[in-house]
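# Understanding the architecture of this molecule
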Amino acid sequence: MAKKSTKVRTDKTPVELLTRKQADAEHARLGQEIAGHDKRYYQLDAPTVTDAEYDELRKRYNAIEARFPELRTLESLSLKVGAAPARSFAKVRHAVPMLSLDNAFAEEDVVDFVGRIRRFLRLGEDEPITFSAEPKIDGLSMSLRYVDGELVTAATRGDGQEGEDVTANIRTLKDVPQKLKGRNIPKITEVRGEVYMTKADFLKLNERQKEAGAQIFANPRNSAAGSLRQKDPTVTASRPLGFFAYAWGEITERPADTQSGMIKWFEHCGFTTNPLTKMCRSVDELIAFHRKIGEQRAKLDYDIDGVVYKVDRIDWQERLGFVSRTPRWAIAHKFPAEQATTTLKDIEIQVGRTGSLTPVGKLEPVGVGGVIVQNVTLHNEDYIKGIGGGGEPLREGRDIRIGDTVIIQRAGDVIPQVVDVVLDKRPKSAKEYHFPKKCPCPLKTDVVREETATGEEGARNRCTGEFACPFQKIQHLMLFVSRRAFDIDGLGEKQIELFYDKGWVKEPADIFTLASRNSKIRLEDIEGYGETSVRNLFNAIDSRREIGLDRFIYALGIRQVGETTALALARGYGSWKAFHDAALKVAKGDEEAVAEMDALDQIGDTVIQAVAAYFSEKHNLGIVERLTKEVTVLDAEKPKTDSKVAGKTVVFTGSLEKFTRDEAKATAERLGAKVSGSVSKKTDYVVAGPGAGSKLAEAKKHNVTVLTEDEWLKLIG
Ligand code: IVH
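This report concerns the structure included in the present document. Along each chain, the written sequence defines residue order, and numbers are assigned to residues from 1. Residues qualify for local features only when their pLDDT is at least 70, as the model is predicted, and side-chain atom pairs are given and counted only at 80 or more; totals for whole chains, interfaces and linings, by contrast, use all residues. Side-chain numbers here rest on the full set of heavy atoms in the structure, without hydrogens or water.

## A short note on the overall build of the protein
Put simply, DSSP marks the helices as runs of H or I at least four residues long and the strands as runs of E at least two long, and each gets a number from the N terminus on. Scanning the protein from terminus to terminus reveals 26 helices and 26 strands. Here's how the labels work: a residue is buried when its accessible area is under 20% of the maximum for its type, exposed when over 50%, partly exposed in between, all with a 1.4 Å probe on protein chains only. Scored against the burial criterion, the 717 residues of the protein give a buried share of 51%. Carbon and sulfur atoms form 49% of the exposed surface of the protein, whose accessible area is close to 34,000 Å². For accessible areas, the Shrake-Rupley method is used with a probe of radius 1.4 Å. Any residue's cover is judged against the shown protein chains and nothing else.

Listed below in C-alpha cells is the structure:
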C-alpha cells in the first residue's frame, strides 16, 4: 500500500510545558486525527501519512495522557485497543504476479469453461482433458520464496504485484518447511498456497480473545489474516495456522509437467497439500466433484467457498495463458452461500465482561446448512441501522427492524448473520430498533459509543458501569472462579448467578466470607445442596485462600489482561505489593512507573492503559482491598539469573520424549531462558528430539549448539 506523505500537524510546544487547556485541545484534536488515519489505513487502504509520522502522533498523544491522566477517556482508550495488526510490513514485489481466478456459479458456466478450452486448444470432442479439481480454501494466499532450498521470503498477495513481507511470522507455521526436502532442488522455487485457520481453532481463539477483552474475529479467514499481520512473530506462533500448497510462482527448473505432478513434488519437499484433490476427465466428473465436496463442506474442519478446476497439463496451461488478470486454464466454481429466510422476533442486548453491548437477533428457529439457528449477531448499532458496522455483509441500504423477514447466512460456516431484509415482506407493525442509551442492567448506567481503532467491528456501545454493572459483575465473578483464575470447585455459572441474585455474592471477596455468613444464608436449605456439598464447597473455597500472583492478577478481570499478560506482569513485578504499588502509580500517570511497566517483556501501551484505567477506578480499588484481606497472594517465582541458561534463547524441536513441550518451556523460562519457536542467529541452543527436521538444518546453518534432551537436562542440572 503506497503512502503519500502529507505534513502532520503536531504542536511543537514540549508536552511538559503545555497548560491543561492546551493539552485538552491538542489531545482532542490528536485523537480525532489518529482515528482518521486509522480509518484510512485499516478500512480504506488509503493512508495519507507515513508510518513514522503516524507513530509521532501517537507518541505525543500518549505523552499528553501520561502527563494529564484525567484526559484518558473510554474513547481515548479505544484508540489503543484493537489496533493490534502491525502498520508496517516491508513491501515485496512478486517475481511472477499473483493473479486471481474467474468464477463459475452455475453448471453451464463450467460447460462454457471447458468448451472455451477445447476451442482454444483446437481439441476434438472426444479428446480427453484432465483437470486437477481442488477445494478452494477460504484463507489468505501466500507466496513462499526459496533460494537454494532455504525459505527467504514469505509475502502476502497484496495487490497481486506487490505484497507484504511476513517472513518472520510465516516461519512459525509448522506446515511451512524452512528448507525444502529432497535432492535437485531448483535454485529458485516460489511455492504458493493458502494460509488458513481451522474452524475449531477459530472458535477457541475467539473464546480467548473474549476473555482478554480483545478483538473478536468474524470468521476463520479474518482470524488467520489478523494472526498473520502481527508485529511480534511469537503472537503468530501462538495462533494455530495451517498452509496448503497448490501453485507456484518463479521456479528455475520446474520439476514436473503437470499440476498434479507439481502437487506431488510439493509433498516430497515437505508441504501439506489438500487431500481432497481429485483428477477429473469430463464436465460430468467436475460437477460430481463439486457436489460431493459441497456435501462434505459443513463437516470439513476448515472453510472452503468453492472448488477450483485447473487444466492438468502445464504446456496446455501455457498455451491457454491469461485473459486480463485471470487464467484461461482455471476457474473457481463457487458454492452458493448457505442461507435461509426467517423472521426476526426481537432484539436483545448482551453485555460482555468488558461491558460491550452486542445486539443479538432472536429468530424464528430455522435450519441453515444442517444447523438450527435461533440467534444471530447483529454486531452493533450501525449494522442495525444499515449504515456500515465494520464491513459486515448486510446488503447496502438495508436497515433491520423487529418483525422483518430476514435472510440469514452462516458466515464462514460458523457465525450466523443477517445478509438481507426482504422489504416486500416488511409488516406495517415492524418496529425500528433504538439502541438503548442505558445499560439493560438494573443500574441503568449510561452507554457510551466507542469507535474501534481498526473499524473492524464498527462502532461499539459500552456500558460505563464497569464492575458496578451487575452484568459485568457476574461475568467478572465467573472469570474469577474459572479454572485459570481461582479455580474453585463447585462454583460455576449456575451457582454464581444464584448467589448473585440472592445477594450473597456481589464481589469476589464475598466468596471467602460465605462460610462465616452461612448461619444466616443457610445454603443447606437450597435445593440441590446438602450438608456434605456445602462443606465441600466451603473447603474448596478455603483451599484457594493462597494463590499465585499470575492467577490473582488474571482473576482481577482487568481489560486486556489475559492469562499470558498476567503471567508477564507477575514475572515482571514478583510480588503483589510491587505490582499493586506500580499499578497505582501508573494510574496516576507516574512516568517512571509507566516506563518500568513498558520495559517488561510482552507489555505494551494497550495493557498499560488498561491497568491505569482499572486502578483509577475507586470501585475497583475497594474490590481489590477487600479481596486481599481474604486471600494471600504468593510471590511469583522470579526467573533465575544464576542458572547456566539464564538469558539464553532456546528452541525445542522434534518429538520430545523426556518431557512435554509445555514442561520444557516452563522449566526453561523458570531458569531465565527465553523459549522461541524458530531458529535464528540469536538462538543459543536447539534441543532436538527424534524426528527434528528443518529447525535442525537451520541450527547447523547458523552454527547453533544442538543438544539432545539428555544433554539439555545435564546442562540445566
Ligand atoms: S490457484 C492464477 N488454487 O482463490 C490463480 N487458488 O480467487 C492461482 N484459492 O487468490 C490460484 N484455494 O487465494 C488456487 N486450490 C486453489 C485455491 C486458490 C484457494 C484462492 C487463492 C486465490 C483465490 C483466487
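## Observations concerning the nonpolar core
Note on terminology: a nonpolar core comprises buried Ala, Val, Leu, Ile, Met, Phe, Trp, Tyr and Cys residues joined through side-chain atoms within 4.5 Å. Grouped together as the largest cluster of nonpolar side chains are 66 residues, with contacts concentrated most on Ile-511, Leu-523, Leu-569 and Phe-615. For this core, the leading source of residues is helix 22 (residues 605–616), giving 7 residues. Of all hydrophobic cores here, the second largest spans 33 residues; its members include Val-191, Phe-202, Phe-217 and Cys-269.

## Description of the sheet that holds strand 23 (residues 649–653)
We treat two strands as partners when DSSP finds at least two bridges between them. In space, the 4 strands of this open sheet follow the order 24-23-25-26, with parallel pairing throughout. Each having just a single partner strand, strand 24 (674–676) and strand 26 (705–707) make up the two edges of the open sheet. Each adjacent strand pair in this sheet contributes to an overall mean axis angle of 30 degrees, direction not counted. Where strand 23 and strand 25 (residues 685–688) come together, 4 bridges link them in parallel fashion. By the bridge assignment, Thr-653 is partnered in strand 25 with Ala-688. Contacting strand 23, strand 25 and strand 26, helix 26 (residues 709–716) runs over the sheet at an angle of about 100 degrees to strand 26. Fitting a line to C-alpha atoms yields each axis, with helices limited to the stretch in contact; the angle taken between N-to-C directions then spans 0 to 180 degrees. Any two residues whose heavy atoms approach within 4.5 Å at even a single point are treated as in contact.

## Examining the sheet that holds strand 7 (residues 188–196)
The strand order across the open sheet formed by 4 strands is 5-4-7-8, and the pairing between neighbours is antiparallel. Only two strands of the sheet have a single partner each, and these edge strands are strand 5 (150–156) and strand 8 (242–251). Averaged over all adjacent pairs, the angle separating strand axes in this sheet is 30 degrees, with direction ignored. In the sheet, strand 4 (residues 140–147) pairs with strand 5 via 6 bridges, with the strands oriented antiparallel. From the neighbouring strand, Leu-144 faces strand 5, where its bridge partner is Ala-154. Of the strands in this sheet, strand 4 and strand 7 touch helix 7 (residues 220–228), which is tilted by about 40 degrees from strand 4. Here helix 9 (residues 259–269) sits on the sheet in contact with strand 7 and strand 8, set at roughly 115 degrees to strand 8.

## Some words on helix 21 (residues 591–598)
Within the sequence span of helix 21, burial applies to Ala-593, Val-594 and Met-597. The buried side chains of helix 21 occupy one side of the element, clustering within an arc of 100 degrees when seen end-on. Among the exposed residues of helix 21, those oriented more than 90 degrees off its buried face are Glu-591 and Glu-592. Buried residues along helix 21 sit in contact with helix 19 (563–573), helix 20 (576–587) and helix 22. N or O atoms within 3.5 Å of each other form a polar contact, as long as, within protein, one can give a hydrogen and the other can take it, and as long as residues adjacent in sequence are counted only when both atoms are side-chain atoms. Measuring from the backbone nitrogen of Glu-592 back to the side-chain oxygen at the start of helix 21 gives 2.9 Å, which picks out Asp-590 as the cap. This arc corresponds to the set of directions leading from the helix axis out to the C-beta atoms.

## Some remarks on the site of the ligand
Close to the ligand lie 14 residues; Glu-134, Ile-137, Glu-194, Tyr-246 and Lys-310 are nearest. Between the ligand and Lys-136 there is a distance of 3.2 Å, counted from an oxygen atom to a side-chain nitrogen or oxygen. Contact distances for the ligand include 3.4 Å between a nitrogen atom and a side-chain N or O atom of Tyr-246. For the ligand, whose accessible area on its own is 530 Å², the fraction buried by protein is 87%. Counting residues per element, the ones that place at least two in the shell around the ligand are strand 3 (131–137) and strand 10 (304–311). We call a residue near a molecule or strand whenever a single non-hydrogen atom of that residue lies within 4 Å of it.

## A short note on the packing of aromatic side chains
Classification of ring pairs uses Phe, Tyr and Trp, with its six-membered ring standing for Trp, and accepts pairs whose centres are within 6.5 Å; under 30 degrees between planes counts as stacked, over 60 as edge-to-face, and the remaining range as tilted. Evaluated as defined, the whole model comprises 22 aromatic pairs. Ring geometry for Phe-499 against Tyr-529: centres 6.4 Å apart, planes inclined by 35 degrees, an arrangement best described as tilted. On the criterion of sequence distance, the pair formed by Phe-499 in helix 14 (residues 493–501) and Tyr-529 in the loop between helix 16 (518–521) and helix 17 (531–542) is long-range, its members being 30 residues apart. The same class applies to Phe-499 as to Tyr-529, namely buried. Between Trp-576 and Phe-579, the ring centres sit 5.9 Å apart and the planes meet at 45 degrees, which makes this aromatic pair tilted. With a gap of 3 residues between them, Trp-576 and Phe-579 both fall in helix 20, about one helical turn apart. No difference in accessibility class separates Trp-576 from Phe-579, as the two residues are buried.

## Notes on helix 22
Expected helix span is taken as 1.5 Å per residue step, with the number of steps being one fewer than the number of residues. Under the 1.5 Å per step criterion, the end-to-end length of helix 22 is 16 Å for 12 residues, consistent within 8% with the ideal 16 Å. Within the span of helix 22, buried status applies to Val-607, Ile-608, Gln-609, Ala-610, Val-611, Ala-612, Tyr-614 and Phe-615.

## Side note on the environment of Glu-709
In this structure, Glu-709 sits in helix 26. Sequence-wise, Glu-709 and Phe-652 are 57 residues apart; in three dimensions their C-alpha atoms are separated by 9.3 Å. Setting aside residues no more than four positions away along its own chain, Glu-709 makes contact with Ser-655, Leu-656, Glu-657, Lys-658, Phe-659, Val-687, Ala-688, Gly-689 and Pro-690.

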